[in-house]
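# Fold and geometry: a report
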Amino acid sequence: GFKMMIHHNEIKIQTVANRPSYHDLRDSLNSILKESKILNGTLVVTTPHTTCSFFYEETMHDTNYYDDDYLHVDINNVMEKIVPKMTSEHQYNSPGPKHIEFGLSLSDSDYPPAKWVMLNTDAHLRASIYGTNSQTFIIRDGELLSGSLGRLYFVDWDQLRERNRVVNTLIMGE
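Just so it is clear, the structure is predicted and the values come from calculations on it, not from any experiment.

Procedures and definitions
Residues numbered from 1 in each chain as written. Predicted model: local features only at pLDDT ≥ 70, side-chain atom pairs only at ≥ 80, totals over all residues. Heavy atoms only, no water. Core = buried A, V, L, I, M, F, W, Y, C linked by side-chain atoms within 4.5 Å. Buried < 20%, exposed > 50% of the residue type's maximum accessible area, 1.4 Å probe, protein only. Helix = DSSP H or I, 4+ residues; strand = E, 2+ residues; numbered from the N terminus. Contact = heavy atoms within 4.5 Å. Lys, Arg positive; Asp, Glu negative; His and termini not counted. Salt bridge = Lys/Arg side-chain N within 4 Å of Asp/Glu carboxyl O. Patch = residues over 30% accessible without salt bridge, like charges linked within 9 Å, V, L, I, M, F, W, Y side chains within 5 Å. Areas by Shrake-Rupley, 256 points an atom, 1.4 Å probe, with all protein chains shown as cover.

## Considerations on the nonpolar core
Most often, soluble globular proteins keep nonpolar side chains buried together rather than apart. Ranked by size, the top nonpolar core spans 18 residues in total, and within it Leu25, Leu29, Leu43 and Val167 carry the most contacts. Elements with a contribution of two residues or more to this core: β1 (5–14), α1 (26–36), β3 (41–46), β4 (52–58), β5 (134–140), β7 (150–156) and β8 (164–173). Ranked by the residues each element gives to this core, the list is headed by α1, at three residues. Apart from residues lying up to four places away in sequence, valine 167 is in contact with Asn9, Glu10, Ile11, Ile13, Leu25, Val45, Thr46, Phe54 and Phe154. In this structure, Tyr22, Ile75, Met79 and Ala127 belong to the second largest nonpolar core, which totals ten residues.

## Focus on the side chain of aspartate 122
Residue placement: aspartate 122 occurs in helix α4 (residues 121–130). One buried charge, aspartate 122, has no salt-bridge partner; the nearest side chain with opposite charge is arginine 126, at 4.4 Å. In this structure aspartate 122 touches Val83, Pro84, Lys85, Met86, Tyr92 and Gln159, once residues within four positions along its chain are discounted.

## Regarding a nonpolar patch on the surface
On the surface, Phe2, Met4, Ile6 and Met172 cluster together into a nonpolar patch covering about 410 Å² of accessible area. Within the fold, methionine 4 resides in the segment before β1.

Here you go:
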């Protein structure tokens, strides 16, 4: 008979500063899938981070000197035209004074007590425009149905500083 299994895991990501940070999750997802021993079902990835997105795309093989895939460089160039990088306060309406007050009250080690860490409205806009904080894949016979060139990328649009990010995975099936 059918026995539903559930497997949770997380991928920890260290981002870079001064440019959007892209991460290919393919190897991590395949490793987590193998560990789960689930052969047929679905894999869902999510992130709680509001300046981040997932997107499914082909690997383009060529990279620049930062090791950024050319397609990611192209995405950055297009996004810069749509939502220019935030370089000073009042460039966008947010963050407003109430949000700055809230941000300064946080004691999280990821948020140094400084107003400049909240000058990331561009990252929030890019994440909202680009979309999803989750993706779902089908698993058949122990394989992700993502094709040979398909990659799931995680991008953090926040360019202000290095960050510790988390991607949560849930695999359900048999």
